[in-house]
Amino acid sequence: MSVAVEIAPVTFTEGAAKELRKLKDQQELSDDFGLRVGVEGGGCAGMNYILGFDQPKEGDKEYYIDGIKVYMHKAHGMYLAGMQVDFQDGLNSRGFVFNNPNAQSTCGCGTSFSV
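Residues numbered from 1 in each chain as written. Predicted model: local features only at pLDDT ≥ 70, side-chain atom pairs only at ≥ 80, totals over all residues. Heavy atoms only, no water.

Overview of the environment of D54
And step 1. Of note, D54 is situated in strand β3 (residues 47–54).
And step 2. Taking the C-alpha atoms as reference points, D54 and V70, 16 residues apart in sequence, are found 9.2 Å from one another.
And step 3. Those residues in contact with D54 that lie beyond four places of it in its chain are D32, F33, G34, R36 and Y71.
And step 4. Reaching out from D54, the side chain makes a polar contact with the side chain of R36 at a distance of 2.7 Å. (Helix = DSSP H or I, 4+ residues; strand = E, 2+ residues; numbered from the N terminus. Contact = heavy atoms within 4.5 Å. Polar contact = N/O pair within 3.5 Å; in protein donor to acceptor, adjacent residues only side chain to side chain.)

Laid out in structure tokens, this is it:
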């Protein structure tokens with residue numbers, strides 16, 4: 001008997017995975033919480049990224065990416081397929097960066113995009 005394992009639509013750089021684990025530990029969240037990755041309407045370019053710890057909701061798919069439990073609504077996969085989440089910790093910028101090959105344009109804030 002074989003079990004089908006679905007490939008997660010997003011990946012994390014080593015720096016992003018390390019920062020996400022640190023944030024989850026700092027918030028002392030229970031094991032049913034995972035990282036929600038998704039999109040929502042709004043922002044200056046039409047859509048915003050969602051990145052935060054949450055509990056599972058109806059319609060979610062669950063993935064394990066670099067040891068991190070990730071929840072993503074199944075409809076969001078088409079917007080995020082191939083996206084890499086990075087974490088910048090430099091003098092000029094600090095925070096998560098979304099490298100999305102599906103985005104046709106992004107705005108200056110880096111959290112809003114259009115397809």
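A short note on the packing of aromatic side chains
And step 1. Inspection of the entire model under this criterion finds two aromatic pairs.
And step 2. Centre to centre, the rings of Y49 and F98 are 4.3 Å apart; their planes meet at 20°, and the pair counts as stacked. Of the two residues, Y49 sits in strand β3 while F98 sits in strand β7 (residues 94–99), which places them 49 residues apart along the sequence.
And step 3. Take F98: its relative accessible area is 13%, and that puts it in the buried class. (Phe/Tyr/Trp six-rings, centres within 6.5 Å; stacked < 30°, edge-to-face > 60°. Buried < 20%, exposed > 50% of the residue type's maximum accessible area, 1.4 Å probe, protein only.)

Concerning the pattern of salt bridges
And step 1. Under the defined criterion, the tally for this structure stands at five salt bridges.
And step 2. Residue K22 pairs with E19 through a salt bridge whose shortest N-O separation is 3.5 Å. Of the two residues, K22 and E19 are both situated in helix α1 (residues 14–27); the distance of three residues between them amounts to about one turn of the helix.
And step 3. The closest approach of N and O atoms between R36 and D54, which form a salt bridge, is 2.7 Å. Of this pair, R36 sits in strand β2 (residues 34–41) while D54 sits in strand β3, placing them 18 residues apart in sequence. Each member of the pair R36 and D54 is classed as buried.
And step 4. What you see here is one network of salt bridges that share partners, running through R36, D54, K57 and D60. (Salt bridge = Lys/Arg side-chain N within 4 Å of Asp/Glu carboxyl O.)

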